[in-house]
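Fold and contact review
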2 protein chains.
Amino acid sequence: MKPFRVSVHIVPRKGLLDPQGKAVADALHTLGFASVAEVHVGRHLVIETQAGDAKAAEASVREMCGRLLANPVTEDFEIAGVVPA
Amino acid sequence: MKPFRVSVHIVPRKGLLDPQGKAVADALHTLGFASVAEVHVGRHLVIETQAGDAKAAEASVREMCGRLLANPVTEDFEIAGVVPA
């Protein structure tokens, strides 16, 4: 078992309302950043876990996302990277 | 001016308490993921903005992070990617 650091992005599903992103975009406009078209706000998780290899680490984090980390109704997740810790 | 999609990671500064990460790690242990050592929870933002080139898009998002998106006392940010939208 070796330590791995797995990064995950959890984002609101495409097509669903993203009120937090809308609020950030409005605030940026107010601050003068007129060229901002759209903002999406999601979560960035870094999970340090032990696994036999990178593939096993990724599979285990996928299971964590399905069971706890991401809301399957409103969110999508993607594994952004798996690196030895 | 061309459209760019800039990804940003905003994470709790190293060494500061990350109670949300601690709570997620504890919940994962309870679910049986015993090999999880540590979890860090941050924000993942995707900003769609117009700019002359990728370098200008990145500079503009850095300024947004400094002025609004990241808390300079407790958070660090990094530009994770700049791609044409």
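Up top you'll find the structure we're talking about.
**Examining the overall build of chain A**
Looking only at helices and strands, one finds two helices and three strands in chain A. Counted from the first residue to the last, chain A has its helices and strands arranged as β-α-β-α-β. Whereas a compact globule of 85 residues would reach a radius of gyration of roughly 12 Å, chain A reaches 16 Å, over 25% beyond that. Taken over the C-alpha atoms alone, chain A extends approximately 50 × 25 × 15 Å along its principal axes. The buried share among the 85 residues of chain A stands at 38%. When contacts within chain A are restricted to residue pairs at least 6 apart in sequence, those whose partners lie at least 24 apart make up 77%.

**Some details on the relation of the copies chain B and chain A**
In the superposition of chain B on chain A (RMSD 0.0 Å, axial shift 0.0 Å), the rotation amounts to 180°. Accordingly, the operation relating the two chain copies is best matched by a two-fold axis. By residue overlap, the copies meet face to face through one surface: 100% of the interface positions of chain B are interface positions in chain A.

**Side note on the interface of chain B and chain A**
How large an interface is tends to be reported as the accessible area lost when its parts come together. Each partner contributes to the interface: chain B provides 29 residues, whereas chain A provides 29 residues. Taken together, the two surfaces of chain B and chain A that pack against each other cover about 2,700 Å², and 65% of this comes from carbon and sulfur. Among the residues of chain B in contact with chain A, F33(B), H44(B) and E48(B) are the three that bury the most area, contributing 22% of the side total. Where chain B packs against chain A, one counts zero salt bridges.

**Overview of helix α1 (residues 19–30) of chain A**
Between its first and last C-alpha, α1(A) extends 16 Å over 12 residues, near the 16 Å set by a 1.5 Å rise per residue. Turning to α1(A), its buried residues number three or more, namely G21(A), V24(A), A25(A) and L28(A). For α1(A), the arc enclosing every buried residue in end-on projection is 100°, short of the 170-degree limit, so these residues lie on one face. Residues P19(A), K22(A) and T30(A) are exposed on α1(A) and point more than 90 degrees away from its buried face. Against β2 (36–51) of chain A together with β2 (36–51) and α2 (54–69) of chain B lie the buried residues of α1(A). Phi turns positive one or two residues past the end of α1(A), at G32(A), with a value near 105°.

About the thresholds
Residues numbered from 1 in each chain as written. Chains lettered and ligands numbered in written order. Predicted model: local features only at pLDDT ≥ 70, side-chain atom pairs only at ≥ 80, totals over all residues. Heavy atoms only, no water. Helix = DSSP H or I, 4+ residues; strand = E, 2+ residues; numbered from the N terminus. Rg over C-alpha atoms; globule rule 2.2 N^0.38 Å. Buried < 20%, exposed > 50% of the residue type's maximum accessible area, 1.4 Å probe, protein only. Contact = heavy atoms within 4.5 Å. Least-squares fit on C-alpha atoms with pLDDT ≥ 70 in both. Buried area = accessible area lost by both parts, 1.4 Å probe. Salt bridge = Lys/Arg side-chain N within 4 Å of Asp/Glu carboxyl O. Expected span 1.5 Å × (residues − 1). Arc of directions from axis to C-beta.

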